[in-house]
Amino acid sequence: MAHLDSEVKEECLREDLKFYFMNPCEKYRARRQLPWKLGLQILKIVMVTTQLVRFGLSNQLVVAFKEENTVAFKHLFLKGYSGIDEDDYSYSVYTQEDVYESIFFAINQYHHLKNISLGTLGYGENEDNRIGLKVCKQHYKKGSMFPSNETLNIDSDTERDCLHIDLQALSKNPQDWKNSSFFRLEFYRLLQVEISFHLKGIDLQTIHFRELPDCYIFQNTITFDNRAHSGKIKIYFDSDAHIEECKDLNISGSIQKNTQYILVFDAFVIVICLASLILCTRSIVLALKLRKRFLNFFLEKYKRHVCNADQWEFINGWYVLVIISDLMTIIGSILKMEIKAKNLTNYDLCSILLGTSTLLVWVGVIRYLGYFQAYNVLILTMQASLPKVLRFCACAGMIYLGYTFCGWIVLGPYHDKFEDLDTVAECLFSLVNGDDMFATFAQIQKKSILVWLFSRLYLYSFISLFIYMILSLFIALITDSYDTIKKYQQNGFPDTDLQEFLKDCSSKEKCQKESSAFLSCICCLRRKGSDDHLILIN
């Protein structure tokens, strides 16, 4: 009887394991169990994608409104702005007269803003809760300089002086504040002049898309940078837009009802993702319990432990992916509902959460394609090649970092693409992919023959090493894994302890002695009630 109990226990465990590793089609054929979890995932894909598209269109309106206002501000407050930034700064001036005219032009434009602006703009309060401009200048404390005699006497400590000009002062005679001693600049000591002011605006274009409008606060700063003292003052314009809840909105029409429909749709998405999250978490928990049963049985019967590879077979990575995606979708949907209700304004965080969750949802579709042999090759090749590719990238990354630092130090002063470390890394990555090669060679300045010769040696060696050697080895690693998987699919994969256990009876005689119906009956009679939940629904 004890031997029969042991065989029944083993057969029940084998049946549970077989059912756990079945795909939805096999489960339907085995027990007529409808793949309702698969249907839930398909519904979630459609709803999450629809939600993302709607939010993406709304987010585009927000970003476009900010960018268009920034361009408008540059044309309004920068004297002689051509419409195209010279570099990372808007434009530059070269004479003292141009500096004074640019400063006074920005101040006058701010004063007459309501009469000249085409936008829905108004004056806003600054950090001091005052309406007006704040002009600050930073300079060395004291000093004297005589370039003709090559003499310099200066205090390296800096000081910052600020002047607040309100609308009342601007309404008076302009000569009163223009002749102020504050605007008498000593350019040999001057480091920078900064003009800051706040403006308010309302985005009305959202009304055409049946959405509630947003209220904005624009924190604008005009900076005259003279730190280099090279005879060229760079003028920067920075506009930082913040969305705030409008204090009083009174809009007639169907906009409010449309917003309610969107909120209901977002709530339904949260419910679907919450159900998917609960089901996937339940499956992982039950899989861990089934693994514990298998480990205990294997240790009891064969007196040895199961290998790590077989233990990891019970952890379904796709379920982990779905759980992460569901969590991000739920959090992003809550943020989206708060944004629609005008309680929050963090569009960027919401777009990152919803965009990443949608990416993971669509990546999860590969799981179902993997049930077909032709598509499963891709997944198996990625799994087999990933460890080797990571080790290879770690080694190649050391060489890549070496070239990055070398190019930044040597070529940085002579080439725009090598000015910053991140720019150098992006430039080298483009070269690896064969992009923009000639322009990188041609843009190097020939002011130093030694640096020019070094740049040729540097670029030729990097391109040859990474394209002809490292990139080829990288592809060879993946190709080798692909060939191995194809060979396994033709000749069969090596059997592990788990796969050996999942095989049917070891001999035909044993199979003939025990009928399948009898075994099924015995399994149902002898299984403990506490073990019913261990039959997994994958």
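Fair warning: this is a prediction, and the values are worked out from it, not measured in the lab.

Trainee: Is there a simple way to explain the pattern of salt bridges in this structure?
Mentor: Side-chain pairs of opposite charge can arise whenever the charged atoms involved come near each other. Under the defined criterion, the tally for this structure stands at eight salt bridges. E194 is the partner of R160 in a salt bridge, and the nearest nitrogen-oxygen pair spans 3.2 Å. Here the residue R160 occupies a position in strand β6 (residues 158-166), and E194 occupies one in strand β7 (residues 190-203), the gap between them amounting to 34 residues. Looking at R160, the relative accessible area reads 44%, which means it is partly exposed.

Trainee: Would you mind going over the side chain of Q138 with me for this structure?
Mentor: Locating Q138 in the fold gives a position in strand β3 (residues 132-140). You can call Q138 buried: its relative accessible area is 16%. Dropping the residues within four chain positions of it, Q138 is found in contact with T158, E159, R160, R189, L190, L191, Q192 and R227.

Trainee: How should I be thinking about the environment of I352 in this particular structure?
Mentor: Tracing the backbone through its elements, the reader meets I352 in helix α11 (residues 347-363). Residue I352 is classed as exposed on the basis of its relative accessible area, which comes to 52%. Between the alpha carbons of I352 and M328 there is a distance of 9.2 Å; along the sequence they are 24 residues apart.

Trainee: Sorry, what's going on with the nonpolar core here?
Mentor: For soluble globular proteins, the rule of thumb is that nonpolar side chains tend to be buried together. Among the nonpolar cores identified, the biggest contains 51 residues, and F77, I103, I107, F183, I195, L199 and I222 are the most heavily contacted of them. Contact partners of I222, with chain neighbours within four places excluded, come to F77, L78, A106, V193, E194, I195, F197, I235, Y236 and F237.

Trainee: Explain the packing of aromatic side chains here, please?
Mentor: Centre-to-centre distance and the angle between the planes together describe a pair of aromatic rings. Throughout the structure, instances matching the rule amount to 25 aromatic pairs. A ring pair is formed by Y100 and F104, whose centres lie 6.3 Å apart and whose planes are at 25°; its orientation type is stacked. Taken together, the residues Y100 and F104, both in helix α4 (residues 96-111) and four residues apart, mark about one turn of the helix. Summarising the aromatic geometry, the rings of Y216 and F218 are spaced 5.9 Å apart at their centres and angled 10° between planes, so their arrangement reads as stacked. The pair formed by Y216 and F218 is uniform in burial state, with each residue classed as buried. Three or more aromatic residues joined by ring pairs make a cluster, and in this case those are F65, F73, F77, Y110, Y123, F197, Y216, F218 and F237. Looking at K137, its charged tip hangs above the ring of F182, at a distance of 4.8 Å from the centre.

Trainee: What should I look at first to understand unusual backbone geometry in this one?
Mentor: With glycine set apart, most residues show a phi of negative sign, and most peptide bonds adopt trans. In this structure, H229 takes a positive phi of about 50° despite not being glycine. Considering the arrangement of structural elements, one finds H229 in the loop between β8 (214-225) and β9 (233-244). At D436, a residue that is not glycine, the phi angle is positive and equals roughly 60°. With respect to the helices and strands, the residue D436 is situated in the loop between α14 (421-432) and α15 (437-442). For D436, a relative accessible area of 36% puts it in the partly exposed group.

Trainee: It is not clear to me how the packing of α14 against helix α16 (residues 449-491) should be interpreted in this structure. Could you clarify?
Mentor: A pair of packed helices can be characterised by two numbers: the angle between their axes and the separation between those axes. In the contact formed by α14 and α16, the axes pass within 9 Å of each other and the chain directions differ by 55°. One way to sum up the angle between α14 and α16 is to call them oblique. Viewed along their axes, α14 and α16 form a crossing whose handedness is right-handed. Where α14 abuts α16, its residues L428, L431 and V432 lie against Y458, L459, F462, F466, I467 and L471. Among the residues making up the contact of α14 with α16, the classes are represented as nine nonpolar, no polar and no charged.

Trainee: Teacher, can you tell me more about a nonpolar patch on the surface here?
Mentor: A cluster of nonpolar side chains, contributed by M398, I399, L401, F405, W408, I409 and L421, occupies part of the molecular surface with about 650 Å² of accessible area. Of all the elements, helix α13 (residues 373-411) adds the most residues to the nonpolar patch, at six residues. Along the chain, I409 falls in helix α13.

Trainee: Is there a simple way to think about the pairing of β7 in this case?
Mentor: In terms of residue burial, β7 counts as a mostly covered element, since 11 of its 14 residues are buried. Summarising the sheet, strand β2 (residues 121-124) and β7 pair through four bridges and their orientation is antiparallel. Note that in β7 the partner of L121 across the bridge is G201. Here β3 runs beside β7; their pairing, made up of six bridges, is antiparallel. Bridge pairing in β7 places C136 opposite E194. As judged from the 12 bridges shared by β7 and β8, these two strands associate in the antiparallel manner. Its bridge partner being in β8, I202 is matched across the sheet by C215.

Trainee: Looking at this model, I keep getting lost on helix α10 (residues 317-340). Mind explaining?
Mentor: An α-helical segment advances 3.6 residues per turn. Residues three or four places apart therefore align on the same side. Along its 24 residues, α10 runs 34 Å from first to last C-alpha, staying within 8% of the 34 Å computed at 1.5 Å per residue. The opening residue of α10 is N316, an N-cap whose side-chain oxygen sits 3.0 Å from the backbone nitrogen of W318.

Trainee: Would you mind going over the state of the cysteines with me for this structure?
Mentor: Each disulfide consists of a covalent bond between the sulfur atoms of two cysteine residues. Counting across every chain of the model gives one disulfide. Covalent S-S linkage joins C136 and C162, the inter-sulfur distance amounting to 2.1 Å. Because the sign of the S-S torsion sets the handedness, a value of about 110° for the bond joining C136 and C162 places this disulfide among the right-handed ones. Of this pair, C136 sits in strand β3 while C162 sits in strand β6, placing them 26 residues apart in sequence. Given the relative accessible area of 40%, C162 is considered partly exposed.

What counts and how
- Residues numbered from 1 in each chain as written.
- Predicted model: local features only at pLDDT ≥ 70, side-chain atom pairs only at ≥ 80, totals over all residues.
- Heavy atoms only, no water.
- Salt bridge = Lys/Arg side-chain N within 4 Å of Asp/Glu carboxyl O.
- Helix = DSSP H or I, 4+ residues; strand = E, 2+ residues; numbered from the N terminus.
- Buried < 20%, exposed > 50% of the residue type's maximum accessible area, 1.4 Å probe, protein only.
- Contact = heavy atoms within 4.5 Å.
- Core = buried A, V, L, I, M, F, W, Y, C linked by side-chain atoms within 4.5 Å.
- Phe/Tyr/Trp six-rings, centres within 6.5 Å; stacked < 30°, edge-to-face > 60°.
- Lys NZ or Arg CZ within 6 Å of the ring centre and 35° of its normal.
- Axes fitted to C-alpha atoms, helices over the stretch in contact; angles between N-to-C directions.
- Parallel < 35°, antiparallel > 145°, perpendicular 65-115°, else oblique.
- Left-handed = near helix turned anticlockwise from the far one by under 90°.
- Nonpolar A, V, L, I, M, F, W, Y, C, P; charged D, E, K, R; others polar.
- Patch = residues over 30% accessible without salt bridge, like charges linked within 9 Å, V, L, I, M, F, W, Y side chains within 5 Å.
- Areas by Shrake-Rupley, 256 points an atom, 1.4 Å probe, with all protein chains shown as cover.
- Pairing = 2+ DSSP bridges.
- Expected span 1.5 Å × (residues − 1).
- Polar contact = N/O pair within 3.5 Å; in protein donor to acceptor, adjacent residues only side chain to side chain.
- Disulfide = S-S within 2.5 Å.

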